[in-house]
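Inside the fold
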Amino acid sequence: MSSYCDHCSGAQQARLEQLGVGFEDIDHIICLAGNPNTGKSTVFNALTGLKQHTGNWPGKTIERAEGGFVYNDKHYKIVDLPGTYSLLSASPDEEVARDFILFGQPDVTVIVLDATRLERNLNLALQIFQITRRIVVAVNFLKEARSHNLNIDLRNLELDLGVPVVAIEARDGQGFAELLSAIAKVCGGDIVPNPKALKLNIPGLKGALNQVKQLLAQLYPQLEHKEWIALRLLAGDASVSAALARGDLENL
Ligand SMILES: Nc1nc2c(ncn2[C@@H]2O[C@H](COP(=O)(O)OP(=O)(O)OP(=O)(O)O)[C@@H](O)[C@H]2O)c(=O)[nH]1
Ligand SMILES: [Mg+2]
């Protein structure tokens, strides 16, 4: 497999214009996901400037921040998701992040990782891999990691994950040209990420999954992401079954 960073090294100089939301003709919607305190909002602020819109997520007291920017003549809307450790439990933050990645139809989900806590951060990343393939990983806090003698081999990480991986120093504004280039390439189909899925070698799981998927297809023909939802139902995920029963997942 070729390295996505080969593409990134030829990154065009970012021609970044910052716009508030509300402009027409958005070409792409992207979102920022990751554990708490990985630098998502720092990236968001750097890309959107001060022209951003904040409000609450519908029906929740969780802040929703979205903004816009133009990169290489394409208009992007970017949504800053709440930081979460997982997408699996019923906390409102996790519900917001999960539902947006599932149903907000982002063209790219940028997963911001903290290099000093890579293993814990990858837990969430692998959960996102189960939902969408359109992923760019941005590794932040690399300087801090180095100062703790943690040397992260980004090229191998990229090969292992199967998605573009870029290094950023969000607070210093470094790495954004490469990040924007990777986002644009995934949006435009020049890079097709191939996220490595967890192998589910559990006897009988495949058959059970197919049965639940068939049932879902009968009951909720419009429902997207049936495989992921079936998997969560089999895992006994109370929040997903409640959302399904309420019709929330179907209507999103
Ligand atoms: N040293 C260093 N600090 C950073 C960097 N990027 C962000 N920070 C700091 O890390 C802290 C958290 O950054 P945020 O951007 O708020 O993180 P977040 O991911 O939005 O956090 P939540 O919204 O709580 O999930 C802030 O104090 C930032 O200034 C970086 O590249 N280097
Ligand atoms: Mg934030």
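Here, every reference points to the structure presented above.
Criteria and cut-off values
Residues numbered from 1 in each chain as written. Chains lettered and ligands numbered in written order. Predicted model: local features only at pLDDT ≥ 70, side-chain atom pairs only at ≥ 80, totals over all residues. Heavy atoms only, no water. Near = heavy atom within 4 Å. Polar contact = N/O pair within 3.5 Å; in protein donor to acceptor, adjacent residues only side chain to side chain. Areas by Shrake-Rupley, 256 points an atom, 1.4 Å probe, with all protein chains shown as cover. Helix = DSSP H or I, 4+ residues; strand = E, 2+ residues; numbered from the N terminus. Core = buried A, V, L, I, M, F, W, Y, C linked by side-chain atoms within 4.5 Å. Buried < 20%, exposed > 50% of the residue type's maximum accessible area, 1.4 Å probe, protein only. Domains from an automatic or database assignment. Contact = heavy atoms within 4.5 Å. 1 Å grid on protein atoms, 1.4 Å probe; cavity = no way out; pocket = protein on both sides within 12 Å on 5 of 7 lines; lining within 4 Å. Points joined across faces, edges and corners; volume = space filled by probe spheres on them. Nonpolar A, V, L, I, M, F, W, Y, C, P; charged D, E, K, R; others polar. Pairing = 2+ DSSP bridges. Right-handed = clockwise from strand over helix to strand, strands pointing away. Salt bridge = Lys/Arg side-chain N within 4 Å of Asp/Glu carboxyl O. Arc of directions from axis to C-beta.

1. Description of the site of ligand 1
Around ligand 1 sit 15 residues in total, of which K40, S41, T42, N140 and E144 are the nearest. Between N37 and ligand 1, the recorded distance is 3.0 Å, taken from a backbone N or O atom to an oxygen atom. Between ligand 1 and the protein, one listed contact pairs a nitrogen atom with a side-chain N or O atom of R171 at 3.1 Å. Alone, ligand 1 offers 650 Å² of accessible surface; in the complex the protein occludes 71% of this. Of the residues forming the shell around ligand 1, the biggest block, 3 residues, is contributed by helix α2 (residues 40-48).

2. Comments concerning the nonpolar core
Counting residues in each nonpolar core, the largest one holds 47 residues, and the members touching the most others are L81, V137 and V139. Looking at which domains feed residues into this core, each of domain 1 (4-188) and domain 2 (205-251) gives three or more. If we ignore the near neighbours within four places in the chain, the residues touching L81 are C31, L32, A33, K40, W57, A97, F100 and I101. Grouped together as the second largest cluster of nonpolar side chains are 26 residues, A65, I78, V136 and A138 included.

3. Some thoughts on the layout of surface pockets
When its volume is computed, the largest pocket comes out at roughly 410 Å³. Around the largest pocket, the lining is made up of 18 residues, and of these A197, L200, L209, E227 and L231 lie nearest the centre. Broken down by secondary-structure element, the contributors of at least two residues to the lining of the largest pocket are α8 (205-219) and α9 (226-234). Across the lining of the largest pocket, the residue classes tally to 10 nonpolar, 4 polar and 4 charged. Inspection of the lining of the largest pocket shows a minimum of three residues originating in each of domain 1 (4-188) and domain 2 (205-251).

4. Examining the pairing of strand β6 (residues 108-114)
Burial of β6 is extensive: 7 of the 7 residues sit out of reach of the surface. The alternating pattern of β6 places V108, V110, V112 and D114 on one face and T109, I111 and L113 on the opposite face, and all of these are buried. Pairing geometry for strand β2 (residues 28-33) and β6, over 4 bridges, is parallel. Paired with A33 across the strands is I111, a residue of β6. For β6 and strand β7 (residues 135-140), the ladder comprises 6 bridges, and the chain directions are parallel. Its bridge partner lying in β7, D114 is registered against N140. Between the parallel elements β6 and β7, the chain passes through helix α4 (residues 118-129) in a crossover that is right-handed.

5. Points about the pattern of salt bridges
Evaluated as defined, the whole model comprises 8 salt bridges. Linking R117 and D114 is a salt bridge whose minimum nitrogen-to-oxygen distance equals 3.0 Å. For R117, a relative accessible area of 44% corresponds to the partly exposed category. The class for D114 is buried, based on a relative accessible area of 5%. K143 is paired through a salt bridge with D172; the nearest N and O atoms lie 2.8 Å apart. Here D172 lies in the loop between β8 (165-167) and α7 (176-188) and K143 lies in helix α5 (residues 142-147), a separation of 29 residues in the sequence. Judged by relative accessible area, which is 41%, K143 ranks as partly exposed. One network of salt bridges, with partners in common, ties together R64, E66 and K77.

6. Quick look at helix α10 (residues 238-246)
Within the span of α10, buried status applies to S239, V240, A243 and L244. For α10, the angular spread of buried residues about the axis comes to 135°, placing them on one side. Set apart from the buried face of α10 by more than 90 degrees, the exposed residues are A238, A245 and R246. With a side-chain oxygen lying 3.0 Å from the backbone nitrogen of S239, the N-terminal cap of α10 falls on D237. G247, located one to two residues past α10, shows a positive phi value of around 85°.

Function-wise, these values are silent; they only describe arrangement.
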